[in-house]
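This is what each chain is made of:
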Amino acid sequence: MIKVIKSAKVYCPEYVGIKDVVIVGNKIEGIYDKIEVPQDFINIEVIDGEGKLLVPGFIDSHVHITGGGGEGGFNTRTPEIKLSDLIYGGVTTVVGVTGTDGVTRNIVTLLPTVYSLEEQGITAYCYTGSYDVPPIKTLTSSIKEDIMLVEKIIGLGEIAICDHRGSQPSFEKFLSVIAEARVGGLLSGKAGVVNVHLGDGISKFNYLFRLSEESEIPIEQVLPTHVNRTLSLLKEAIKYTRIGGNIDLTTSSNIDCLDEDEYRAGLAIKYLLDNGVAIEQITFSSDGNGSMPVFNDKKELIGLEICSVGTLFREIKYAISLGVAFEDAIKVVTSNVARILHLNEKGEIAPGKDADLLLIDEEKLEIEWVVSKGKVLMEFGKPTVKGNFE
Ligand code: ZN
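Quick look at the structure, then. (Residues numbered from 1 in each chain as written. Predicted model: local features only at pLDDT ≥ 70, side-chain atom pairs only at ≥ 80, totals over all residues. Heavy atoms only, no water.)

1. As for the coordination of the zinc ion
Phase 1: Every protein donor of the zinc ion is accounted for by Glu158 (OE), His197 (ND1) and His226 (NE2), and the metal-donor separations fall at 1.9 to 2.3 Å.
Phase 2: Of note, the zinc ion draws all its donor residues from one chain, in the sequence arrangement E-x38-H-x28-H. In this pair, His197 is assigned in strand β10 (residues 193-198) and His226 in the loop between β11 (222-225) and α6 (231-242), connecting sequence segments 29 residues apart.
Phase 3: The exposure class assigned to His226 is buried, which follows from its relative accessible area of 6%. (Donors = N, O, S within 2.8 Å, 3.2 Å for Na, K, Ca; no water. Helix = DSSP H or I, 4+ residues; strand = E, 2+ residues; numbered from the N terminus. Buried < 20%, exposed > 50% of the residue type's maximum accessible area, 1.4 Å probe, protein only.)

What follows is the structure, encoded as structure tokens:
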């Protein structure tokens, strides 16, 4: 099946002008100034991109696809993600994680959800492990074997440090699981990245600085996340980028009731750029389907909400409203993530890359079309497919 998206403003993520983009099967065939589609030829679907911005599909590298939470007891466990959540959020590639609960949500329950999303048209991967260091469960006998032998497992995480809910690993244990993920990645041609959850504890980036100072492991092996949790953590994150580290900002936050000192991702990216951090060192992820406690103005817990993948684009738009350039803002959910996770077919509009694309209305900045692996999952703002039980 051939598709032509005509006359869209194409951001690869760099802006290349108003172009026609040709899709053959599940791949981008090419970018052209103007394609005349013949009437008496094989069936070619034409999608009108006039007045719209064409960008790579978003990659969300941290989503609790099987559900997460549970820290308030069994009835606070959050549900599995819905296909339509991903489509509305413009997420065409997702990396699943488990969290605090590595007992009932682990790699055995994560992988079937990865396969299910793949069958439904989304590209999905996952990390092995959970908060615990070393992990309380792997699929095979080790982290290394999981990453090496299971195609869909591309790294380790989210492992938790600096958090009362984590397993309080020694630095040596922390170092050894990262080393294992690294070698598993090397031997299988994957990134073997370790997604490191930073809590609100006092040690902050301590282990990550030590990793750089006391080991041979390259700094790109780890991607610390939730670094916009507080301004003080964000300041440490700036120091960490100065020695070459990449950092991930979490977009899910209760923007009507931010924690004291919490920086929403859209504001945090502006702050980082203003402090000289290169855009290439920053990624966004949503923490989707994790649990988010809601407090009233007296800081009393009044309920629980679910983190949403829809916040990725919400925070990109917020960053743009603060003056961050559109093509920089979208890099944090496209090309930067693809580069760090070694997802070589993803994150860019270029010949030979996967046809994962979004058409965004230029005026309203709303996602109107979602194409994933060459298949239209949303048109005119409405999903064309639903999950089986939605
Ligand atoms: Zn986390």
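2. Regarding a nonpolar patch on the surface
Phase 1: Together, Met148, Leu149, Val183, Leu186 and Leu187 make up a nonpolar patch on the protein surface, roughly 470 Å² of accessible area in all.
Phase 2: At three residues, the largest contribution of residues to the nonpolar patch is made by helix α4 (residues 171-188).
Phase 3: In this structure, Leu149 sits in helix α3 (residues 143-149).
Phase 4: A relative accessible area of 59% means that Leu149 is categorised as exposed. (Patch = residues over 30% accessible without salt bridge, like charges linked within 9 Å, V, L, I, M, F, W, Y side chains within 5 Å. Areas by Shrake-Rupley, 256 points an atom, 1.4 Å probe, with all protein chains shown as cover. Salt bridge = Lys/Arg side-chain N within 4 Å of Asp/Glu carboxyl O.)

3. Quick notes on the packing of aromatic side chains
Phase 1: Going through the model one piece at a time under the given rule, you end up with 11 aromatic pairs.
Phase 2: For the pair Tyr11 and Tyr15, a centre-to-centre distance of 4.8 Å together with 40 degrees between the ring planes defines the contact as tilted.
Phase 3: Overall, Tyr15 belongs to the partly exposed group, its relative accessible area being 36%.
Phase 4: Aromatic pair Phe205 and Phe209: ring centres 6.1 Å apart, planes at 45 degrees, arrangement tilted. Judged on exposure class, the residue Phe205 and its partner Phe209 are both buried.
Phase 5: Site record: aromatic cluster; members linked through ring pairs are Tyr11, Tyr15 and Phe326.
Phase 6: Sitting over the ring of Phe171, Arg210 keeps its end group 4.1 Å from the ring centre.
Phase 7: A cation over a ring is seen here: Arg264 above Tyr318, with NZ or CZ 3.5 Å from the ring centre. (Phe/Tyr/Trp six-rings, centres within 6.5 Å; stacked < 30°, edge-to-face > 60°. Lys NZ or Arg CZ within 6 Å of the ring centre and 35° of its normal.)

4. Structural notes on the state of the cysteines
Phase 1: This structure, assessed with the given rule, holds zero disulfides.
Phase 2: With no disulfide of its own, Cys126 lies closest to Cys307 among cysteine sulfurs, the gap being 19 Å.
Phase 3: What makes Cys126 buried here is its relative accessible area of 0%. (Disulfide = S-S within 2.5 Å.)

5. Examining the sheet that holds β10
Phase 1: Within the open sheet, the six strands sit side by side as β6-β7-β8-β9-β10-β11. Their pairing is parallel. Each edge of the open sheet is held by one strand with a lone partner, namely β6 (58-63) and β11. Within this sheet the neighbouring strands show an average axis-to-axis angle of 25 degrees, counted without direction.
Phase 2: Where β6 and strand β7 (residues 91-96) come together, four bridges link them in parallel fashion. Counted as the bridge partner of Ile59 is Thr93 from β7.
Phase 3: Most of the contacts of α4 go to strand β9 (residues 153-161), to which it runs at about 170 degrees, and overall it touches β9, β10 and β11. (Pairing = 2+ DSSP bridges. Axes fitted to C-alpha atoms, helices over the stretch in contact; angles between N-to-C directions. Contact = heavy atoms within 4.5 Å.)

6. Concerning the packing of helix α7 (residues 265-274) against helix α8 (residues 311-321)
Phase 1: Their axes nearest at 7 Å, the elements α7 and α8 cross at an angle of 45 degrees. Judged on the interaxial angle alone, α8 and α7 are oblique. Between α7 and α8 lies a crossing of right-handed hand. Residue-level contacts link Ala265, Gly266, Leu267 and Ile269 of α7 to Glu315, Tyr318 and Ala319 of α8.
Phase 2: When the residues that make up the contact of α7 with α8 are grouped by side-chain class, the tally is five nonpolar, one polar and one charged. (Parallel < 35°, antiparallel > 145°, perpendicular 65-115°, else oblique. Left-handed = near helix turned anticlockwise from the far one by under 90°. Nonpolar A, V, L, I, M, F, W, Y, C, P; charged D, E, K, R; others polar.)

7. Focus: helix α5 (residues 206-214)
Phase 1: By the burial criterion, the buried members of α5 are Tyr207, Leu208, Phe209 and Leu211.
Phase 2: Those residues of α5 that are buried lie in contact with β9, α4, β10, β11 and α6.

8. With respect to unusual backbone geometry
Phase 1: In the segment running from Val133 into Pro134, the intervening peptide bond is cis, with an omega of -5 degrees.
Phase 2: Residue position: Pro134 is located in the loop between β8 (123-128) and α3.
Phase 3: The omega torsion across Gly157 and Glu158 is -15 degrees, close enough to zero to call that bond cis.
Phase 4: Following the sequence through the fold, Glu158 ends up in strand β9.
Phase 5: For Cys162, which is not a glycine, the phi torsion comes out positive at approximately 60 degrees.
Phase 6: Positionally, Cys162 belongs in the loop between β9 and α4.

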